[in-house]
Amino acid sequence: LWDFQKRSCLSVLTGHNHYVMCASFHPSEDLIVSASLDQTVRVWDTAGLRKKQLGGPGLDEGYPGMMDVNGNRGGTSAAAATALNVQAELFGTNDVVVKYVLEGHDRGVNWAAFHPTLPLLASAADDRQVKLWRMSETKAWEVDTLRGHANNVSCCLFHPKQELVVSNSEDRSIRVWDVSKRVGVQTFRREGDRFWILAAHRSQNLLAAGHDSGMIVFKLERERPASAHGPGDKLYYVRGRELFCHDYSRATGGSSGVDVPIASLRRVGQQAQTDGIGSGPRFLSYNMHNPTEGNILVCSEVDGGCYELITFSLTNAGGSVTDGKRGSCLGPGVFLGRNRFAVLDRHKREIVVKNLNNETTKRVSAPVPNVDCLYDGGASGRIILRADDRAVLFEVQSRRVIGELTAPKIKNVVWSPDGSKVALLCKYGVVIANRQLEQLCSISDTVRIKSGAWDVSPTGGTNSNLFVYTTLHHVKYCLPTGDTGTIRTLDNPIYATRVVKDSLFCLDREARSRVISIDTTEARFKLALANKKYGQVMHMVKHSRLCGRAIVAYLQSKGFPEVALHFVRDPQTRFRLALACGNIEAAMESAFSLEQQQGSDGKSRDVWGELGSEALRQGNHQVVEMSYQRKKDFDRLSFLYMLTGDNEKLRKMLKISNMRNDIMGRYHNALLLGDAAERVAVLEASGNLPLAYISANLHGLDEVAERIKVAIETQEGSVDGLMEKVPVGTKKGGRLLQPPTPIVRASNWPTLEIKKTTLEDLSAADAGDEYEEEAPPAAAADTGASAGAAAWDDDFGMED
C-alpha cells in the first residue's frame, strides 16, 4: 500500500506465494481484494492501518497522507503519522490482516472485483471460470461458478447499474452474466484479438475493453426508451417491463403529467427466463385510427425481431387488457387503419397486413429491393419504407409509390400534429418533407441525432412549423425553411416527446418523464420573418432579448438590414447596416460616433466617403456636402457647389485654395466661377507668363496684359507671335468660359425615394399593418446636414 502523495510505502501485504495479478479497494469499506496465480483470492482488512494513520477509530477523520475511496483527505498531523510509521518499521507490526482466503479455482486467478453495494465478489481465472463469492462478517463462501469461456478468463467486473457480471477472455470474447439467475445473457466476439482488461464508467452506461490491438468502448444495450404518441395529450412508453400512459393534461406544478400503468409486458424468446440484455421493447406504435379502444404494437429485437399486440380500454386504461397476440417481424410495426396493421416479414422482406385478431389478410411485395424497415406514413393506408439510403412513401391498398427521397441511415420518423410535414431523423441529420415526401429542407450535424418533436403550441404560429431535436449534449431547432440553431446544452441525453411554447417534455434514459425549459425566441423570430408576419417580428424586436452577431448576419443574409439595426450597438456594424438599407440618418449618426472614436484619421475619412457616395446616389446633396467637408475632399466639394449653383461657397473654396497655396485648386475654382481675372492671376503666380498674357488678351484685360508684357520683356522674353498661336473665331479658339446655370436652386434636390418597409415603421408594425409604404424625402437628413453645414468654416480648421 502506497501513499501516492508522499511516494512512500505504508504497508506490505504478504501471504500470496505466486505472482499477484490484481488488487483493488472496496468502494466503501476498509477492504482490499487481491488475486494471485497461487489459485487464491484474498480479502484484506485495512481498518487497523487506517486507525493507526488516523490516530483514532473514525473512518472519516482522515490523515494527511491517505485519501479514502471518495477522495476525502484526512486531517491528523504529519508528525504523529510519521512517528507511528517509524514505530511500525522498528517493531515489525502489520496493521493489515487477511480476512478471507477464497480457494476454489483450479488454475491461477487473474482478477477479482467487489460488488459496488452488495457483499459479493467475482473472480476470473485461467481455469476458464468466473466464480461468485458471498461475504459475511465472519466468513466468505462460493456461491456459483459461471462457465462458458473457452480460454483463460482475463478480467471480470460487476456492472455499476445492473445486476450483471461482465467478463472477457483470451478466447476473443466478452460475456455478460445475470447475477441473480447465474446464466450467460450475451456474448460479444472479436476476430483475431484476445481480450485482457475491462473497465466500467461510474455514471454512464459505458464499458471499455482492452485487446491485443487496442481498446473498444461499448454499451450493453440501447438506452432509448420505447415510446409513442397517443390521442390528445397522451404519451405511451415502456419502463422496465411496464407499459405506461403519461397524461400531459393532468400536469401539476413542477411535474409534466401523471403516469397511468397500462399492462405488464411478458418476456419473450430464448431469454424469457432472464432480464436479458437487449430483450426490452425497442419500438412502440399506437393506433391513432381507432377512437374506440387502445391498440399498441410493442416490437423488440429478440430472436431477430418480434411484436406483441396489446389492446386496452381507453376509458379504463388499467382495466381489461388483452395481449398474447404475437408474431415475428423486422423493425417496428405500423397501424394502417382502425383494424389493420402492417409488419415487415424478416425473411421475404414482404409487407404483411394483419387484422386485430393477428390474422394475415394480405401480403404485398415491397416496391423497391433491400427494404429493412417500415415507418408510419402519416395517413391511413400509407407507410414509409427504408431501403438503403432512401425513404419511399408507399400506399399499400393501391400498391403505388407516392414519393421518394434520399435520407441516409434513417433512425426514426416524426409526423407533425396536422400531418402536413414529416421529419426523418437520420444518424447525423434531419430531413423535413411534406405529406407527399417532397423534401423541404435537409440539415446535417456532426454528432448523432437522438430524438425530435414538433411544436404543438396552440398559439404563436409555431405549431407544425418548428421542429426541436436533441443530440448527445444539445437541444437544437430546425425550421422548414432550412434555418437551424442551438437552443441549450444538456448535462445528460434526453429523448424529446413534446414541445409546447418554451417547455420541452422528454424522457430520460431511465424512462422518467421530465420537462425542461427552453427558449425558442430565436426560432420563432426566424419563422415570423420567413412568414412575413412583420407585426410579430417588430414586437419581438422590441420586447425580446434577441442579440448576437448570428442574428445580425442572418438578417443581412435574408435581406433585412433595417431589422438588424435594432440589435446592433457597435457603430461600425450599424454604419454598414444603415448603408445597406439606405438609412442616411442612422448612417450619419454612426459616422459621427466612429469619428469620435477614431479621430480624423484615414479610417474615419473612408467612412465619410462611403456615406457621401450613398447620399449622392439618393440625391441628398446636403449630406454629400457635409461628407465632403468632413473628408476634406476639396475638388469634389467645388464641383458639387458648381452643380448646385452655390457661387458664394464656391468663392469660399477659392479662398481656401489660396490659404493652402494650392495652385491647381485656385485655377479649378476660378474656372468653375468663370472668373477670368483670377485665372490670369493664378497663371501669373505660377510662372506661366505667356499663358497669362494670352488669357488676359483674350478676355479683354488690357491693363493686366500690358503689365504681363512688361514682365516678360524684363525677363528678356518677347510676346511677338503669341496671339497668332491662338485661333480666334473657331471652335478651338479661345473664349470666355462661364459655369452652367443650375436648373434647380431649391434647398435640396428631389431625392431618390427609398421604400420604407413595414419593419422600419414601428407604429405600423404595432397596428399589424403589413402594407409597404414609401418613405417621404429624408427631411431628417436635412437637419443633420444643416448641422454639419453650420459647422462650416472658411478655412475648414486647416493647419499648415
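Here, every reference points to the structure presented above.
Residues numbered from 1 in each chain as written. Predicted model: local features only at pLDDT ≥ 70, side-chain atom pairs only at ≥ 80, totals over all residues. Heavy atoms only, no water.

Draft legend 1. Molecular detail of the sheet that holds strand E36 (residues 429–434). Sheet architecture is open: 4 strands sit in the order E34-E35-E36-E37, paired in antiparallel fashion. Only two strands of the sheet have a single neighbouring strand rather than two, namely strand E34 (410–415) and strand E37 (439–444). Strand-to-strand twist of the sheet, defined as the mean angle between neighbouring strand axes without regard to direction, takes the value 15°. As defined by bridge partners, E34 adjoins strand E35 (residues 421–426) across 5 bridges and the pair is classed as antiparallel. Across the sheet, the residue bridging to Val413 is Leu424, located in E35. (Pairing = 2+ DSSP bridges. Helix = DSSP H or I, 4+ residues; strand = E, 2+ residues; numbered from the N terminus. Axes fitted to C-alpha atoms, helices over the stretch in contact; angles between N-to-C directions.)

Draft legend 2. Inspection of helix H13 (residues 663–673) at higher detail. Looking only at H13, the buried set comprises Gly665, Arg666, Asn669, Ala670, Leu672 and Leu673. With its buried residues spanning 165° around the axis, H13 presents them on a single face. In this structure, the buried side of H13 is in contact with helix H11 (634–644), helix H12 (647–659) and helix H14 (676–685). Within two residues after H13, Gly674 carries a phi angle of roughly 75°, on the positive side. (Buried < 20%, exposed > 50% of the residue type's maximum accessible area, 1.4 Å probe, protein only. Arc of directions from axis to C-beta. Contact = heavy atoms within 4.5 Å.)

Draft legend 3. H11, seen in detail. Restricting attention to buried positions, one finds in H11 the residues Phe634, Leu637, Ser638, Leu640, Tyr641, Met642 and Thr644. One or two steps after H11, the chain reaches Gly645, where phi turns positive at roughly 75°.

Draft legend 4. Molecular detail of a negative patch on the surface. The grouping of Asp702, Glu703, Glu706 and Glu713 at the surface amounts to a negative patch. Glu706 sits in the partly exposed class, given a relative accessible area of 46%. (Patch = residues over 30% accessible without salt bridge, like charges linked within 9 Å, V, L, I, M, F, W, Y side chains within 5 Å. Areas by Shrake-Rupley, 256 points an atom, 1.4 Å probe, with all protein chains shown as cover. Salt bridge = Lys/Arg side-chain N within 4 Å of Asp/Glu carboxyl O. Lys, Arg positive; Asp, Glu negative; His and termini not counted. Charge placed at Lys NZ, Arg CZ, Asp CG, Glu CD.)

Draft legend 5. Main features of the pairing of strand E26 (residues 334–337). Alignment of E26 against strand E27 (residues 340–344), held across 3 bridges, turns out to be antiparallel. Bridge pairing in E27 places Gly337 opposite Arg340. Two successive antiparallel strands, E26 and E27, enclose a turn made up of 2 residues.

Draft legend 6. Expanded view of the packing of H12 against H13. Following both chains from N to C, one finds H12 and H13 inclined at 160°, their axes separated by 8 Å at the closest point. One way to sum up the angle between H12 and H13 is to call them roughly antiparallel. Seen along the crossing, H12 lies across H13 with a hand that is left-handed. Here Asn647, Leu650, Arg651, Met653, Leu654, Ser657 and Asn658 of H12 come into contact with H13, specifically with Gly665, Arg666, Asn669, Ala670, Leu672 and Leu673. (Parallel < 35°, antiparallel > 145°, perpendicular 65-115°, else oblique. Left-handed = near helix turned anticlockwise from the far one by under 90°.)

Draft legend 7. Geometry of the pattern of salt bridges. Overall, the coordinates contain 20 salt bridges when judged by the stated rule. Of the charged contacts, one joins Glu395 and Arg382 as a salt bridge, the two residues approaching to 3.9 Å between their closest N and O atoms. Here Glu395 is found in strand E32 (residues 390–395), whereas its partner Arg382 is found in strand E31 (residues 382–387), with 13 residues between them in sequence. The same class applies to Glu395 as to Arg382, namely buried. Where Arg524 meets Asp502, a salt bridge forms, and the shortest distance between an N and an O atom there is 3.8 Å. Taken together, the positions of Arg524 in helix H3 (residues 521–530) and Asp502 in the loop between strand E42 (495–500) and strand E43 (503–507) put the pair 22 residues apart, joining distant regions of the chain. Bridged by salt links that share partners, the residues Lys219, Glu223 and Arg509 form one connected network.

Draft legend 8. Inspection of the packing of aromatic side chains at higher detail. As enumerated under the stated definition, the model contains 8 aromatic pairs in all. Both rings, one in Tyr237 and one in Phe244, keep their centres 5.8 Å apart while their planes meet at 20°; by these two values the pair is stacked. Overall, Tyr237 belongs to the buried group, its relative accessible area being 0%. Take Phe244: its relative accessible area is 12%, and that puts it in the buried class. Grouping aromatic residues by their ring pairs yields a cluster made of Tyr236, Tyr286 and Phe312. Lying over the aromatic face of Phe244, Arg239 brings its terminal NZ or CZ to 4.6 Å of the ring centre. Lying over the aromatic face of Phe505, Arg498 brings its terminal NZ or CZ to 6.0 Å of the ring centre. (Phe/Tyr/Trp six-rings, centres within 6.5 Å; stacked < 30°, edge-to-face > 60°. Lys NZ or Arg CZ within 6 Å of the ring centre and 35° of its normal.)

Draft legend 9. Expanded view of a positive patch on the surface. Together, Arg222, Arg224, Lys409, Lys411 and Arg448 make up a region of like positive charge exposed at the surface. The residue Arg224 is located in the loop between strand E17 (214–218) and strand E18 (227–229) in this model. Residue Arg224 is classed as partly exposed on the basis of its relative accessible area, which comes to 37%.

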